[in-house]
Amino acid sequence: MTALFTLDQQAVRMVRADTKQQILADLARCFADVYLLDGEVVADGIDEREKLGSTGFGRGVAIPHARIDGLERPVAAFFKLENPVEFASADGMPVDCVFGLLSPSQAGATHLQALASISRMMRDERMHERLVAAPNAEALYGLLVNVLDRDAA
């Protein structure tokens, strides 16, 4: 957990998916299961945001995000994809890392700060390489928490 958002270990996963829609559906289910949220509300929020433009950040990373009712603080999930997937990213490259974020519907500045924190971490080429090379979800979680805790200090 960071000062900006919660990242539960159960929300860090190795995922096999073939399409962007499958990734987004899996992400919504993950948020629903781990954080006890309404999966349909989460899926609708993520899909609505994606309609505004792809959250494919570039350089192999997507950061799907949404603001939804019923949250007290931002929560996150991280997927390392077994195979890169086309995501309509800004640079045209497929993604292999997906960092999802949900924030309370009224969390304007907090949501933007959390997105900025995730963006900074995912722009770090060495960090991206370490995430891609991680052998399992436990290793992924360790890498993510180490960086997030360091940045929060």
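Refer to the structure above for everything that follows.
The structure reproduced in this document is the subject of the present report. (Residues numbered from 1 in each chain as written. Predicted model: local features only at pLDDT ≥ 70, side-chain atom pairs only at ≥ 80, totals over all residues. Heavy atoms only, no water.)

### Regarding the nonpolar core
Inclusion rule: Among buried residues, the Ala, Val, Leu, Ile, Met, Phe, Trp, Tyr and Cys ones that are joined through side-chain atoms within 4.5 Å form a nonpolar core. Residue exposure (1.4 Å probe, protein chains only): buried if accessible area is under 20% of the type maximum, exposed if over 50%, otherwise partly exposed. Secondary structure elements follow DSSP: runs of H or I of four or more residues count as helices, runs of E of two or more count as strands, with numbering from the N terminus. The contact rule is simple, with two residues in contact once any of their heavy atoms fall within 4.5 Å.
Counting 27 residues, the largest nonpolar core has Phe 31, Leu 37, Val 42, Ile 46, Leu 81, Val 98 and Leu 102 as the members making the most contacts within it. Mapped onto this core, the elements with two or more residues apiece are β1 (6–15), α1 (20–35), α2 (39–52), β4 (65–68), β5 (75–85) and β6 (95–104). The contact partners of Val 98, leaving out residues within four places of it in the chain, are Ile 23, Leu 27, Ala 62, Pro 64, Ala 77, Phe 78, Phe 79 and Leu 81.

### Regarding the environment of Arg 73
Basically, it comes down to this: Under this definition, polar contacts are N or O atom pairs within 3.5 Å; protein pairs additionally need one hydrogen-donor-capable and one acceptor-capable atom, and for neighbouring residues in sequence, both atoms have to be side-chain atoms.
Tracing the chain through its elements places Arg 73 in the loop between β4 and β5. Assessed through its relative accessible area of 29%, Arg 73 is described here as partly exposed. Considering only alpha carbons, one finds Arg 73 and Ala 107, 34 residues apart in sequence, at a separation of 8.2 Å. Here Phe 5 takes part through its backbone oxygen, which lies 3.4 Å from a polar atom of the side chain of Arg 73. In terms of polar contacts, Arg 73 uses its side chain to reach the side chain of Thr 6, at 2.9 Å.

### Quick notes on the pairing of β5
Put simply, the rule reads: Strands are labelled as partners when DSSP assigns at least two bridges between them.
In terms of burial, β5 is a largely internal element, eight of the eleven residues being buried. Bridge count for β1 against β5 is six bridges, and the pairing is parallel. Counted as the bridge partner of Arg 13 is Phe 79 from β5. The pairing of β5 with β6 spans seven bridges and is antiparallel. Residue pairing in the sheet places Lys 80 in a bridge with Cys 97 of β6.

### Remarks on α1
The condition that has to hold: Helix span, as expected, comes to 1.5 Å for every residue beyond the first.
With 16 residues, α1 should reach 22 Å at 1.5 Å per residue; the first-to-last C-alpha distance of 22 Å fits that figure. Every buried residue belonging to α1 is among Lys 20, Ile 23, Leu 24, Asp 26, Leu 27, Ala 28, Cys 30, Phe 31, Ala 32, Val 34 and Tyr 35, and all of these are buried. After α1 finishes, the residue Leu 36 shows a positive phi value of roughly 55 degrees.

### A short note on the packing of aromatic side chains
This is how the line gets drawn: Ring pairs are drawn from Phe, Tyr and Trp, using the six-membered ring of Trp, whenever the two centres fall within 6.5 Å, and their geometry is named by plane angle: stacked under 30 degrees, edge-to-face over 60, tilted for the rest.
Enumeration according to the criterion identifies three aromatic pairs in this entry. Here Phe 5 and Phe 99 contribute two aromatic rings whose centre-to-centre distance is 6.1 Å and whose plane-to-plane angle is 85 degrees, an arrangement assigned as edge-to-face. Placement of Phe 5 in the segment before β1 and of Phe 99 in strand β6 is noted, with a sequence separation of 94 residues between them. The exposure class of Phe 5 is buried, given its relative accessible area of 0%. Looking at Phe 99, the relative accessible area reads 0%, which means it is buried.

### With respect to the pairing of β6
The buried count for β6 comes to ten of ten residues, which makes it a mostly enclosed element. With two bridges joining them, strand β3 (residues 61–62) and β6 adopt parallel strand pairing. Its bridge partner lying in β6, Val 61 is registered against Cys 97. Note: β4 against β6, four bridges, orientation parallel. Note on β6: the bridge partner recorded for Ile 68 is Pro 104.

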